[in-house]
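# Topology and contacts: notes
Residue strings, one per chain:
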Amino acid sequence: MFLTDDLPKPKSTEVLPKGSIPEYTAAEEKEESRRWRMFRIGDQDHRVDMSAIEPYKKVISHGGYYGDGLNAIIVFAVCFMPDSSQPNYRYLMDNLFKYVIGTLEMLVAENYMIVYLNGATTRRKMPSLGWLRKCYQQIDRRLRKNLKSLIIVHPSWFIRTLLAITKPFISSKFSQKIKYVFSLVELAELIPMEYVVIPECIKEYDDAKSKKKHTRVDKELNKKTEDQTNEQ
């Protein structure tokens, strides 16, 4: 059952005569059908405001398959999440939640893994603990059972702390499915990357981290060489 606030509103602000029905033009009807879309979550249908979440639809995508059979790779890019400073943030997150769970139900046939791209994301774009818990709780039992691994790429101190805090509230089986990957090179060693779409901001973030790591290693090697020279 939907709240009345979600229902289409008359195009005019004029008071309608009792018993009358507002007439939509063909263009308006087409626009209305494009705005709202039904998603099946569990045994219930939910309406999603597609116009509102249009800029954030890239948050979830299909990354192809791994292993034998229809083992799907689902990519979740946090960098495409809405900024929490937006005035309609709660409305966006509510609709985005339904979109993500509904899309997941459609994309997954059998076993699957989730690649959670955490890099290049400001704190204001990070989904809250409550939102993540809601996603976990609303996922159908079939999806929970068929999830083989949750790979978190470029895990920040914040996300690792968040998962440590939530560990007592999630099953031990789910905890064992979580893997941390610190570079795209490491990710490529775990899954086929042919159909995994990596956003440019993630690639730039990965390159920056790689260069920083190499610079640090070079400095350590140079210092070690200098120390050995001085000892001689």
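Before going into details, it helps to say that this report is about the structure given with it.

The rules behind each value
- Residues numbered from 1 in each chain as written.
- Predicted model: local features only at pLDDT ≥ 70, side-chain atom pairs only at ≥ 80, totals over all residues.
- Heavy atoms only, no water.
- Core = buried A, V, L, I, M, F, W, Y, C linked by side-chain atoms within 4.5 Å.
- Buried < 20%, exposed > 50% of the residue type's maximum accessible area, 1.4 Å probe, protein only.
- Helix = DSSP H or I, 4+ residues; strand = E, 2+ residues; numbered from the N terminus.
- Contact = heavy atoms within 4.5 Å.
- Polar contact = N/O pair within 3.5 Å; in protein donor to acceptor, adjacent residues only side chain to side chain.

Turning next to the nonpolar core. By size, the foremost hydrophobic cluster in this structure holds 41 residues, and its most contacted members are Phe76, Leu96 and Tyr112. Elements supplying a minimum of two residues to this core: β1 (36–41), α2 (50–53), β4 (72–77), α3 (89–107), β5 (112–117), α4 (129–138), β6 (147–153) and α6 (157–166). The contacts of Leu96, once residues within four sequence positions are left out, are Ile53, Tyr56, Val59, Met81, Pro82 and Trp131.

Along the chain, Asn118 turns up in the loop between β5 and α4. Judged by relative accessible area, Asn118 falls into the buried class, the value being 4%. Separated by 84 residues in sequence, Asn118 and Ile202 place their C-alpha atoms 8.5 Å apart. Those residues in contact with Asn118 that lie beyond four places of it in its chain are Val78, Met126, Ile152, Val153, His154, Pro155, Ser156 and Ile159. A distance of 3.4 Å separates a polar atom in the side chain of Asn118 from a polar atom in the side chain of Ser156.

Quick look at unusual backbone geometry now. With glycine set apart, most residues show a phi of negative sign, and most peptide bonds adopt trans. Phi angles above zero are rare outside glycine, and Ala120 is one such case at about 55°. Among the secondary structure elements, Ala120 is positioned in the loop between β5 and α4. One non-glycine residue, His154, lies in positive phi territory at about 55°. Relative to the helices and strands, His154 is located in the loop between β6 and α6. We classify His154 as buried; its relative accessible area is 3%.

Function cannot be read off these values alone, since they describe shape.
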